[in-house]
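Residue strings, one per chain:
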Amino acid sequence: MQDPIVVTGLGAVTPLASGVEATWRRLIAGESGIKTNDRFDTEGWKCRIAGLVPSQVDAPDGFDPEVAMSPQDLRKTDLFIHYAMAAADEALRQSGWEPQDRHGKSRTATQIATGVGGIPAITGAAETIRTIGVRRLSPFIIPSFLPNLAAGQIAIRFGFNGPSGAPVTACGASAQAIGDAMRLIRMGEADVALCGGTEACVDPVAIGGFTAARALSVGYNEAPAAASRPFDAGHEGFVLSEGAAMLVIERLSHAERRGATPLAILSGYGTTTDAHHVTAGWPDGREAARAVQMALAMAGLAPNKINYVNAHATSTPVGDAAELRALSTIFGVNGGGVPVSSTKSATGHMLGAAGAMEAAFSILALRDQILPVGLNIVDPMEEARGFDLVRDAARSQDVHHVVSNAFGFGGVNTALAFSRIC
């Protein structure tokens, strides 16, 4: 591949920890970030758990919002922007990309996705109007919750004048943000892109709404760490979680000229639409499979070259089964022996940030030659039997090419392919 696009920086804020390395360390150790939800009073609720980003009071590697934003700016913005800014700051620092001249800033794209945006700010504003009146609303309320303001605030902070975007394609959003950024670089519209996603909607409306839709796990309130169980026969729904993940991508030649260290090659991208149902994909996974085929075609890779799949699998029976059928379509019966895991078993479902987080995990698998474990697979679901599920513990293995999937409400299917730096 001539002058490939490479990843030179990663950043993350997750229910496991704040920071990429701390998150990865806990993931590989088989730890879970899913806890009892203390964000609001859930007494009497069917679902009382969530994947909450720990604070520094909770853990040494917890989230400190003032690392990336001033107290004044924090008050003017909702939580999804706080997480995005911290993850962006970490990714940019690792990449060493700090353009000082007009040209460098104008050639830097900012593509930051979210599934929902600032729903706590929206619901809080509604409550303010109801209880004390409309005149008490902050003048900053609208920009605090607009979905594109994570990208906007980051661009302002770092002075990036290149193309800006904010996909809001549900749970496929941040994978599409990475794909959109890749296209911008391939088309010559940018030299560098900061891309990824952010989400912070552990909120009564989101929890209540997903519960009403029967999408959430409600049977593990007394054992939160066991609640997210993709591919296990005991799965019953996903665990809503929060956080952000960011990548810095650029041409290899650009990275080499400035002395940056490539972490992996972003080798392929594919996206399709089911055009089938608002919340469920095709049972046979046909369009999900086509997204993977497109990513492999762009990467110039045959299916037998893939050494690991980080599955979208959220822990819903219908979704997990459809993805397994898609993998069999691509790789052969029972996935053709390709190792598969879903890191949502440890993080919960970060919605619009999930695709970028799982892309980061796939990159780290390539870097460290370790496949992350899928937790809570005690009795594989019928459709998963015969698949090479990475269960019980993380696995050391030669890894050269990986696929990371992200699917969303509305029928969005997205697949990314990453390759090892030789």
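Everything below is about the structure printed above this text.
So, here's what we can say about the structure.

The rules behind each value
Residues numbered from 1 in each chain as written. Predicted model: local features only at pLDDT ≥ 70, side-chain atom pairs only at ≥ 80, totals over all residues. Heavy atoms only, no water. Helix = DSSP H or I, 4+ residues; strand = E, 2+ residues; numbered from the N terminus. Buried < 20%, exposed > 50% of the residue type's maximum accessible area, 1.4 Å probe, protein only. Contact = heavy atoms within 4.5 Å. Core = buried A, V, L, I, M, F, W, Y, C linked by side-chain atoms within 4.5 Å. Pairing = 2+ DSSP bridges. Axes fitted to C-alpha atoms, helices over the stretch in contact; angles between N-to-C directions. Polar contact = N/O pair within 3.5 Å; in protein donor to acceptor, adjacent residues only side chain to side chain. Disulfide = S-S within 2.5 Å. Salt bridge = Lys/Arg side-chain N within 4 Å of Asp/Glu carboxyl O. Parallel < 35°, antiparallel > 145°, perpendicular 65-115°, else oblique. Left-handed = near helix turned anticlockwise from the far one by under 90°. Nonpolar A, V, L, I, M, F, W, Y, C, P; charged D, E, K, R; others polar.

As a further point, take the environment of A353. Positionally, A353 belongs in the loop between α13 (344–347) and α14 (354–368). Judged by its relative accessible area of 0%, A353 falls in the buried class. Residues A353 and I421 lie 68 residues apart in sequence; the distance between their C-alpha atoms is 25 Å. Every residue in contact with A353, bar those within four places of it in the chain, is listed here: S174, G197, T198, E199, G243 and A244.

Turning next to the nonpolar core. Counting residues in each nonpolar core, the largest one holds 48 residues, and the members touching the most others are L10, L247, I249 and F418. Of all the elements, α14 adds the most residues to this core, at 10 residues. If near-sequence neighbours (up to four positions away) are discounted, F418 is found in contact with V7, L247, I265, L266, S267, A359, S362, I363, L366, H400, H401 and V402. Counting residues in hydrophobic clusters, the runner-up holds 30 residues, among them A289, L327, F331 and A384.

All right, on to the sheet that holds strand β13 (residues 401–408) then. Judged by pairing direction, the sheet is mixed, and its 10 strands sit side by side in the order β5-β4-β6-β7-β1-β8-β14-β13-β9-β10 without closing on themselves. Looking at which strands have only one partner, the edges of the open sheet turn out to be β5 (164–165) and β10 (340–341). Note: strand β8 (residues 264–273) against strand β14 (residues 412–419), eight bridges, orientation antiparallel. If you follow I265 over to β14, its bridge partner there is S419. Taken strand by strand, helix α7 (residues 149–158) contacts β4 (108–113), β5 and β6 (192–199), and its axis lies near 150° from that of β4.

Along the chain, the position of Q176 falls in helix α8 (residues 173–186). Accessibility expressed as a relative area gives 14% for Q176, which makes it buried. In terms of polar contacts, Q176 uses its side chain to reach the side chain of T271, at 2.8 Å. For Q176, the contacting residues outside a window of four places in its chain are P167, T169, Y269, T271, V412 and T414.

Okay, the environment of C171 next. Within the secondary structure layout, C171 lies in the loop between β5 and α8. Overall, the relative accessible area of 10% leaves C171 in the buried class. Considered as a pair, C171 and A113 are 58 residues apart in the sequence and their alpha carbons are 9.7 Å apart. Each residue touching C171, except ones within four places of it in the same chain, is listed here: H312, H349, L351, G352, G355, A406, F407 and G408.

This part covers the state of the cysteines. For the coordinates displayed, the defined rule picks out zero disulfides. With no disulfide partner, C195 has as its closest neighbouring cysteine sulfur the one in C171, 18 Å distant.

Glancing now at the environment of A311. Along the chain, the position of A311 falls in the loop between β9 (308–310) and α12 (317–331). Assessed through its relative accessible area of 0%, A311 is described here as buried. Considered as a pair, A311 and G115 are 196 residues apart in the sequence and their alpha carbons are 19 Å apart. Those residues in contact with A311 that sit more than four places away from it in its chain are F231, E323, V340, S341, S342, K344, E358 and N405.

The subject of this paragraph is the pattern of salt bridges. In this structure the tally under the stated criterion is 20 salt bridges. Between E222 and R48 there is a salt bridge, and its shortest N-O distance comes to 3.0 Å. Taken together, the residues E222 in the loop between α9 (204–212) and β7 (243–251) and R48 in the loop between β2 (34–36) and β3 (49–51) connect sequence positions 174 residues apart. Residue classification places E222 among the exposed residues on the basis of a relative accessible area of 70%. Residue R48 is classed as partly exposed on the basis of its relative accessible area of 27%. It is possible to trace a salt-bridge network through shared partners that takes in R25, R26, E31 and D61.

Negative phi is the rule for most residues except glycine; trans is the rule for most peptide bonds. Although it is not a glycine, A170 sits at a positive phi angle of roughly 50°. One can find A170 in the loop between β5 and α8. Overall, the relative accessible area of 17% leaves A170 in the buried class. At N376, a position not held by glycine, the phi torsion is positive, near 65°. Counting through the fold element by element, N376 comes out in the loop between β11 (370–371) and β12 (395–396).

Quick look at the packing of helix α3 (residues 79–95) against α7 now. At a minimum axis distance of 9 Å, the contact between α3 and α7 shows a crossing angle of 45°. The angle between the axes of α3 and α7 places the two elements in the oblique class. Judged by the twist between their axes, the crossing of α3 over α7 is right-handed. Contacts from F80, I81, A84, M85, A88, D89 and L92 in α3 reach L149, A150, Q153, I154, R157 and F158 in α7. When its residues are assigned to classes, the contact of α3 with α7 shows 10 nonpolar, one polar and two charged.

Geometric values such as these leave the question of function open.
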